[in-house]
Amino acid sequence: MNLRRDVFQAIADPTRRSILLMLMTQSMTAGAIASNFDTARPTVSKHLQILTECELVRQKQQGREMYYHFNPDKMKEIADFIEPFRKMWDEKFNKLEAVMKNYKSK
Amino acid sequence: MEQKTKLHAEDGKQELTITREFDLPVDLLFKAYSEAELVEQWMGTKVLKLESKKHGSYQFETSQEGNVVFRANGVIHEFIINQKITRTFEMENTTFPVQLEYLEFEKLTETTSKLTMQLVFKSTEFRNQLLKMPFAQGINWAHNRLQEIISSLT
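Each value, and the rule that gives it
Residues numbered from 1 in each chain as written. Chains lettered and ligands numbered in written order. Predicted model: local features only at pLDDT ≥ 70, side-chain atom pairs only at ≥ 80, totals over all residues. Contact = placed C-beta atoms within 7 Å. Helix = DSSP H or I, 4+ residues; strand = E, 2+ residues; numbered from the N terminus. Pairing = 2+ DSSP bridges. Axes fitted to C-alpha atoms, helices over the stretch in contact; angles between N-to-C directions. Parallel < 35°, antiparallel > 145°, perpendicular 65-115°, else oblique. Nonpolar A, V, L, I, M, F, W, Y, C, P; charged D, E, K, R; others polar.

**Points about the interface of chain B and chain A**
- Counting residues at the interface gives 26 residues for chain B, matched by 21 residues for chain A.
- Residue assignment for the side of chain B that touches chain A shows that the elements contributing at least two residues are β1 (5-8), β2 (15-22), α1 (26-34), α2 (36-43) and α3 (124-132) of chain B.

**Quick look at the pairing of strand β3 (residues 65-70) of chain A**
Residues and elements named next belong to chain A.
- Sheet analysis places strand β1 (residues 28-29) next to β3, joined by two bridges and oriented antiparallel. Each bridged residue has a counterpart across the sheet, and for T29 the counterpart in β3 is Y67.
- As defined by bridge partners, strand β2 (residues 57-62) adjoins β3 across six bridges and the pair is classed as antiparallel. Within the sheet, the bridge partner assigned to Q59 lies in β3 and is Y68.

**Some points on the packing of helix α2 (residues 14-25) of chain A against helix α4 (residues 41-53) of chain A**
All names here are of chain A.
- For the pair α2 and α4, the least separation of the axes is 10 Å and the interaxial angle reads 70°. Regarding the angle of α2 to α4, the classification is roughly perpendicular. Counted together, T15, R16 and I19 of α2 and H47, L48, I50 and L51 of α4 form the full contact between these two elements.
- A class-by-class count of the residues in the contact of α2 with α4 yields four nonpolar, two polar and one charged.

**Topic: the sheet that holds β2(A)**
- Overall, antiparallel pairing links the three strands, which are arranged β1-β3-β2 (chain A) in an open sheet. The open sheet has two edge strands with one neighbour each: β1 and β2 of chain A.

**Side note on unusual backbone geometry**
- Backbone geometry places A:E55, a non-glycine residue, at a positive phi of 70°.
- Along the chain, A:E55 turns up in the loop between α4 and β2.
- A positive phi angle, close to 70°, is found at B:H55, a residue other than glycine.
- The topology assignment puts B:H55 in the loop between β3 (46-50) and β4 (57-64).

The following block contains the structure:
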């Protein structure tokens, strides 16, 4: 795995986000994906390469065509990154609420 | 079930927003942020200094088994009772640059309120780095991070 590629970097780009949104509903070939963008085909290929390297999408040969699939497990990883941070604040705020309820009743 | 504490971190933006609705009147929520004694109780940290006023400053310190494991400080730029606090936040002895925090306190009903914390970082990379830190042990990560830095130096 290329360590330079992290998922956050991958989803930081609007074109790559659009590609992911398209692939969430159906698997597509590179050509079909590229036809949705005004940008040059090699640019779309580069985006697909980055998405593949960080495992947000997977390539699969189907007959003569190479199809791109969305990988929901990797997407979940992004949510998991954020979850511990959210949880930390959630716990702190629960404590705040408890402390202040106790303060009020004093 | 809808989560009480929500976190919003938009891709490619160097900020993140945390919102939370409290089962508390707004003045009590605000007090929890402006009185040292109360901050200590819910943050689980020692408050060395907290001057709750415009141009005031603050410093927090967390110790474990007699050792200081975390220290943070900042300056308060805006302090409007029951409405908002704007302050900087700096973790001492870490590689994280100072961040800017906009805290907005909102009255929802007589007994409920909402807090919106907007944190602004020096770069998207620093924001992501902070998000990716292992936060499971709460604030202790700062200690681990420090140890990492120290052991990478030796």
